[in-house]
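The residues making up each chain are set out below.
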Amino acid sequence: MRSPLRHNVMPRIVVPDEESIAEAVQRLAAGDVIALPTETVYGLGADTLNPIALRKVYELKGRPSDNPLIAHVLDAAQARSLVADWSHRAELLAERLWPGPLTIILPKADIVPEEATAGLPTIAIRSPSHPVARAVLDAFGRPISAPSANRSGHVSPTRAKHVAEDFPDGTDLVILDGGSSACGIESTVLDLTTTPPRLLRPGAVDAAQIAAVLGADVLTPAVGQQSASPGTSPQHYAPRTPLEVLERTAIPARLRATSRPAVVITLGDSDIKPPHHVIDMPSDAQGYASALYDALRRADAMRPSVILLERPPRTTSLWQAVHNRLARAAHG
Ligand code: TXA
Ligand code: MG
């Protein structure tokens, strides 16, 4: 069996075609880890039913062993094989919102190893819409557990090269290049083990959409409230450089107070001049979300003294999901 760290190998970005997908599936079947694109962020995938393969995911990511994984499935039929009780609510959501960026949590089936759920009696499941993720799931024929394909605590990857950057030479990792992720922020996580169901992580699918499908209320955590999802603690998704989220009008004074160059992430025209760098963002929520992690990674790579980010609007649920990620990136 391949060891995750070897001297003569490095992360390898490949164009997804019949041959590379066959290689990825072969690796999954051999109990190895692959990186694959999804519509939200890239994932580090392994066979959900293979505990040894799952341990390699934790090891590669440097992920705490108490942070459970999301199992990716082709469809509701495959999801049913992983749960003890496929509820009517689950069926409705899968029918209407899958494939897509919605993860649901249900009591797990006995066949699911504890490595897939970090010992929890519940399992998180979603069916991704990205064609490459679907092609891999289809060819593999089994569920794939995949956390975001970043080193633990770092910004999630939305491009193949982000994944390659996070894993050093010596990592035997095939990365299927599916282009830049359309959603750009991680899936909505919904706990379906409670009544009413509870939103644990906001994402592109919002509480109103879920409530409309279920014809029932959805609990949303109050701002700042600690959620029951282990990986949703503050201090997550963080760039290495300190990040400050500021009103547009406060940025010039903040720049005057820095002695070294800063990177400013703006929403349109600004008169910021060298030595400071500007990264201009799309002004629509969808475009912004999809560009955010790439912007944070690019800003970080310039090794500035600080990253100043112009506070975006909060006018829609997607902007609010963006704010949820910004709050964590700026934590501490
Ligand atoms: O969009 C996504 O969800 C991406 C792509 C790759 O699908 N995946 C992703 O995985 O964001 P990860 O591991 O970075 O985040 C999974 C989140 C974590 O906050 C984890 O704690 C939570 O889902 N989670 C997983 N299983 C859970 C469970 N049984 N109960 C509560 N939370 C769970
Ligand atoms: Mg993650």
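Going by the structure above, here's the rest.
The rules behind the values
- Numbering of residues starts from 1 in every chain and runs along the sequence as written.
- The lettering of chains begins at A and the numbering of ligands begins at 1, in the order of writing.
- Per-residue local features are limited, in this predicted model, to residues with pLDDT of at least 70; the limit for side-chain atom pairs, both in listing and counting, is 80 or more; totals at the level of whole chains, interfaces and linings are taken over all residues.
- Neither water nor hydrogens contribute to the side-chain values; these are computed over all heavy atoms in the structure.
- For the purposes of this section, nonpolar cores are sets of buried Ala, Val, Leu, Ile, Met, Phe, Trp, Tyr and Cys residues that join through side-chain atoms within 4.5 Å.
- Each residue gets one of three labels from its accessible area relative to the maximum for its type: buried under 20%, exposed over 50%, partly exposed in between, using a 1.4 Å probe on protein chains only.
- Only DSSP runs of H or I covering at least 4 residues are called helices, and only runs of E covering at least 2 are called strands; the numbering of each starts at the N terminus.
- Here a residue-residue contact requires only that any non-hydrogen atoms of the pair lie within 4.5 Å.
- Axis lines are fitted to C-alpha atoms, over the contacting stretch for helices. Their N-to-C directions set the angle, which ranges from 0 to 180 degrees.
- Oblique is the label for any angle not covered by the other classes, which are roughly parallel (under 35 degrees), roughly antiparallel (over 145) and roughly perpendicular (65 to 115).
- Whether a crossing is left-handed or right-handed is set by the direction in which the near helix is turned from the far one by less than a right angle, anticlockwise for left-handed and clockwise for right-handed.
- Side-chain classes are defined by residue name, with Ala, Val, Leu, Ile, Met, Phe, Trp, Tyr, Cys and Pro counting as nonpolar, Asp, Glu, Lys and Arg as charged, and the others, Gly among them, as polar.
- Centres within 6.5 Å make a pair out of two Phe, Tyr or Trp rings, where for Trp the six-membered ring is used; the pair is then stacked when the planes are under 30 degrees apart, edge-to-face when over 60, and tilted otherwise.
- By definition, the arc is the one covered by directions from the helix axis to the C-beta atoms.
- N or O atoms closer than or at 3.5 Å make up a polar contact, with two conditions inside protein: a donor-capable atom paired with an acceptor-capable one, and, for residues adjacent in sequence, both atoms drawn from side chains.
- Salt bridge, as used here, is a side-chain nitrogen of Lys or Arg placed within 4 Å of a carboxyl oxygen of Asp or Glu.
- At least two DSSP bridges between two strands are required for those strands to pair.

The tendency in soluble globular proteins is for nonpolar side chains to be buried side by side. Core analysis: the biggest nonpolar cluster contains 45 residues, and Trp 86, Leu 93, Trp 98, Leu 102, Ile 104, Leu 173 and Ile 210 have the highest contact counts within it. Per element, the largest residue contribution to this core is five residues, and it comes from helix α2 (residues 51–61). Excluding residues that lie within four positions of it along the chain, Leu 93 makes contacts with Trp 98, Leu 102, Ile 104, Leu 190, Leu 192, Ile 210, Val 213 and Leu 214.

Let us now look at the packing of helix α1 (residues 18–29) against helix α5 (residues 131–140). Axis separation between α1 and α5 bottoms out at 10 Å; the angle between their running directions is 55°. Accordingly, the angle class assigned to the pair α1 and α5 is oblique. As α1 packs across α5, the resulting crossing turns out to be right-handed. Across from Ile 21, Val 25, Leu 28 and Ala 29 in α1, the residues of α5 making contact are Ala 135, Val 136, Ala 139 and Phe 140. Looking at the contact of α1 with α5, its residues break down into eight nonpolar, no polar and no charged.

Moving on to the packing of aromatic side chains. Scanning all chains against the criterion turns up two aromatic pairs. Taken together, a centroid distance of 6.2 Å and an interplanar angle of 45° make the contact between Trp 86 and Trp 98 tilted. Note that Trp 86 is positioned in the loop between α3 (76–80) and α4 (88–97) and Trp 98 in the loop between α4 and β5 (102–107), a separation of twelve residues in sequence.

All right, on to α5 then. For α5, every residue scored as buried is listed here: Val 132, Ala 133, Val 136, Leu 137 and Phe 140. Looking straight down α5, one finds its buried side chains confined to an arc of 135°; they lie on one side. Away from its buried face by more than 90 degrees, α5 exposes Pro 131 and Asp 138. Phi turns positive one or two residues past the end of α5, at Gly 141, with a value near 75°.

With that out of the way, let us pick up the side chain of Asn 150. As for its position among the elements, Asn 150 is in the loop between β7 (144–145) and α6 (160–166). A distance of 3.1 Å separates the side chain of Asn 150 from the backbone oxygen of His 154, its partner in a polar contact. Setting aside residues no more than four positions away along its own chain, Asn 150 makes contact with Lys 61, Val 155, Ser 156, Pro 157, Asp 166, Phe 167 and Arg 297.

In contact at an axis separation of 9 Å, helix α9 (residues 285–301) and helix α10 (residues 317–329) are set at 15° when each is read in the N-to-C sense. In terms of orientation, α9 lies roughly parallel with respect to α10. For the pair α9 and α10, the sense of crossing is left-handed. Seen from α9, the contacting residues are Ala 285, Gln 286, Tyr 288, Ala 289, Leu 292, Tyr 293 and Leu 296; seen from α10, they are Leu 318, Trp 319, Val 322, Arg 325, Leu 326 and Ala 329. Looking at the contact of α9 with α10 residue by residue, the class counts come to eleven nonpolar, one polar and one charged.

Side chains bearing opposite charge may pair, as long as their charged atoms lie close to each other. Applying the stated criterion to the full structure yields 17 salt bridges. With its nearest N and O atoms 2.9 Å apart, the salt bridge here joins Glu 23 to Arg 12. Note that Glu 23 is positioned in helix α1 and Arg 12 in strand β1 (residues 12–14), a separation of eleven residues in sequence. In this structure, Asp 294 engages Arg 298 in a salt bridge whose closest nitrogen and oxygen atoms are separated by 3.1 Å. Taken as a pair, Asp 294 and Arg 298 lie in helix α9 at a separation of four residues, close to a single helical turn. Relative accessible area serves as the criterion here: at 40%, Arg 298 is assigned to the partly exposed category. Shared partners join several salt bridges into a network, and the residues in it are Arg 12, Glu 23, Arg 27 and Asp 172.

Spatial ordering of the open sheet is given by β11-β14-β12-β13, a layout of four strands whose pairing is parallel. Of all the strands in the sheet, just β11 (243–246) and β13 (277–280) have a single pairing partner and so form its edges. Across the sheet, the mean angle separating the axes of adjacent strands is 20° when strand polarity is ignored. In terms of strand pairing, strand β12 (residues 263–266) meets strand β14 (residues 307–310) through three bridges, oriented parallel. Residue Val 263 lies in a different strand from β14, and its bridge partner there is Ile 307. The sheet strands contacting α9 are β11, β12, β13 and β14, and the helix crosses β14 at an angle near 160°.

When you line up the elements, Val 73 lands in the loop between β4 (70–72) and α3. Apart from the residues within four sequence positions on either side, Val 73 is in contact with Gln 78, Ala 79, Leu 82, Trp 98, Ile 125, Arg 126, Ser 127, Pro 128, Leu 137 and Pro 143.

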